[in-house]
Amino acid sequence: MTSVDGPGAPHQEAAGAGWPAGAYPHPVEPDRLTRFVLRVHERAPRWAVPLAALCCVGMGVAYTLVSDPTRSAPDAAPSCLLKLTTGLDCPGCGGTRALWYVLHADLPAAARHHVVFVFALPFLAYLFVAWAGNQAFGWRLPELRISPAMIGGFLGLWLAFSVVRNLPWAPFTALYV
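First, a word on scope: everything that follows refers to the structure included in this document.

Reading the values: the criteria
- Position labels on residues start from 1 in each chain and follow its written sequence.
- Note on the predicted model: pLDDT of at least 70 is required for a residue's local features to be given, and 80 or more for side-chain atom pairs to be given and counted; whole-chain, interface and lining totals, by contrast, use all residues.
- Where side-chain values are given, they derive from all heavy atoms of the structure, hydrogens and water being excluded.
- Cavity and pocket criteria rest on a 1 Å grid covering protein atoms alone: a 1.4 Å probe that fits but cannot get out defines a cavity, protein on both sides within 12 Å along at least 5 of 7 lines defines an open pocket, and an atom within 4 Å of a point defines a lining residue.
- Grid points are joined across faces, edges and corners, and a volume is the space filled by probe spheres set on the points.
- Numbering of helices and strands starts at the N terminus; helices are DSSP runs of H or I of at least 4 residues and strands are runs of E of at least 2.
- For this analysis, residues touch if any pair of their heavy atoms sits within 4.5 Å.
- The axes used here are C-alpha line fits, helices contributing only the stretch in contact, and every angle between their N-to-C directions lies in the interval 0 to 180 degrees.
- We call two directions roughly parallel when the angle between them is under 35 degrees, roughly antiparallel when it is over 145, roughly perpendicular when it lies between 65 and 115, and oblique otherwise.
- Residues enter patches when they are more than 30% accessible in relative terms and free of salt bridges; like-charged ones are connected within 9 Å and nonpolar ones (Val, Leu, Ile, Met, Phe, Trp, Tyr) within 5 Å.
- The accessible surface values rely on the Shrake-Rupley method and a 1.4 Å probe; as for residues, cover is taken only from the protein chains in view.
- Should a side-chain nitrogen of Lys or Arg be within 4 Å of a carboxyl oxygen of Asp or Glu, the pair is scored as a salt bridge.
- Working definition: a ring pair exists when centres of Phe, Tyr or Trp rings (six-membered ring for Trp) sit within 6.5 Å. Plane angles under 30 degrees give stacked, over 60 give edge-to-face, the rest tilted.
- For every residue, the accessible area (1.4 Å probe, protein chains only) is compared with the maximum for its type, and the residue is labelled buried under 20%, exposed over 50%, or partly exposed between those bounds.

### Topic: the layout of surface pockets
Point 1. Of the volumes computed, that of the second largest pocket is approximately 420 Å³.
Point 2. Lining the second largest pocket are 17 residues, and of these Phe119, Ala120, Phe123, Leu124 and Phe154 sit closest to its centre.
Point 3. Looking at the lining of the second largest pocket, the elements with two or more residues in it are helix 5 (107–137) and helix 6 (148–164).
Point 4. By residue number, the principal contributor to the lining of the second largest pocket is helix 5, which donates 8 residues.

Laid out in structure tokens, this is it:
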């Protein structure tokens, strides 16, 4: 089968693939790294990935507890690049402090720093437990059915919150962290 690609440039197409033969070689055998990853994946126990994810979350929580983000110096430079360059709170600004207050069971203070994060945290925790329980132990917890419209609505709410918290007028200045 021949095809023309540009002015008078015939070439062969791969049978059924629709790509020119030789332009994108498709390896018959996977490379070494791919074979290694597939071998490790086949041999790994079911609970390895949920445990690795739990370790990552645990390290984030441990960092938050050790660093105590609520006690930074008043004249300390912001660590957020957006806040450093523009002076505006980024969409995640206050999330670490909110997590610190959630871990210390002070929900009003946590909501003061990032109410959207505090709202989303129980849903995220349940989604993680349902996924990890299914992966590791085969648990079948009731699924949260989150539609694309709900995700879009949440992201829209988060965007609106990010804009509103940067407005320089009362009552929006109360959201400034």
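### Section: the environment of histidine 113
Point 1. Within the secondary structure layout, histidine 113 lies in helix 5.
Point 2. Taking the C-alpha atoms as reference points, histidine 113 and threonine 96, 17 residues apart in sequence, are found 8.8 Å from one another.
Point 3. Excluding its chain neighbours within four sequence positions, the residues that come into contact with histidine 113 are Cys93, Gly94, Arg97, Ala98, Tyr101, Arg165 and Val177.

### Side note on the packing of helix 4 (residues 95–103) against helix 5
Point 1. It is the contact of helix 4 with helix 5, at a shortest axis distance of 8 Å, that shows an interaxial angle of 105 degrees. Between helix 4 and helix 5, the interaxial angle falls into the category roughly perpendicular. In this structure, helix 4 uses Gly95, Arg97, Ala98, Leu99, Tyr101 and Val102 to contact helix 5, whose residues at the interface are Leu107, Ala109, Ala110, His113, His114, Phe117, Val118 and Leu121.

### A short note on a nonpolar patch on the surface
Point 1. The grouping of Phe119, Phe123, Leu124, Leu127, Leu144, Ile146, Met150, Ile151 and Leu155 at the surface amounts to a nonpolar patch, some 810 Å² of accessible area in total.
Point 2. Elements represented by at least two residues in the nonpolar patch include exactly helix 5 and helix 6.
Point 3. Sorting elements by how many residues they give to the nonpolar patch places helix 5 first, with 4 residues.
Point 4. Here leucine 144 is to be found in the loop between helix 5 and helix 6.

### Considerations on the packing of aromatic side chains
Point 1. Counted under the stated rule, the structure contains 5 aromatic pairs.
Point 2. Judged by centre distance (5.3 Å) and plane angle (85 degrees), the ring pair of tryptophan 100 and tyrosine 101 falls under edge-to-face.
Point 3. A centroid spacing of 5.4 Å and a plane angle of 55 degrees characterise the contact between phenylalanine 119 and phenylalanine 123, whose relative ring orientation is tilted. Residue phenylalanine 119 and its partner phenylalanine 123 are located together in helix 5, separated by 4 residues, close to a single helical turn.

### A few points about unusual backbone geometry
Point 1. Even without being a glycine, aspartate 68 presents a positive backbone phi close to 45 degrees.
Point 2. Mapping aspartate 68 onto the fold places it in the loop between helix 2 (48–67) and helix 3 (81–86).
Point 3. The class of aspartate 68 is buried, set by a relative accessible area of 16%.
Point 4. Look at alanine 105: it is not a glycine, yet its phi comes out positive at around 60 degrees.

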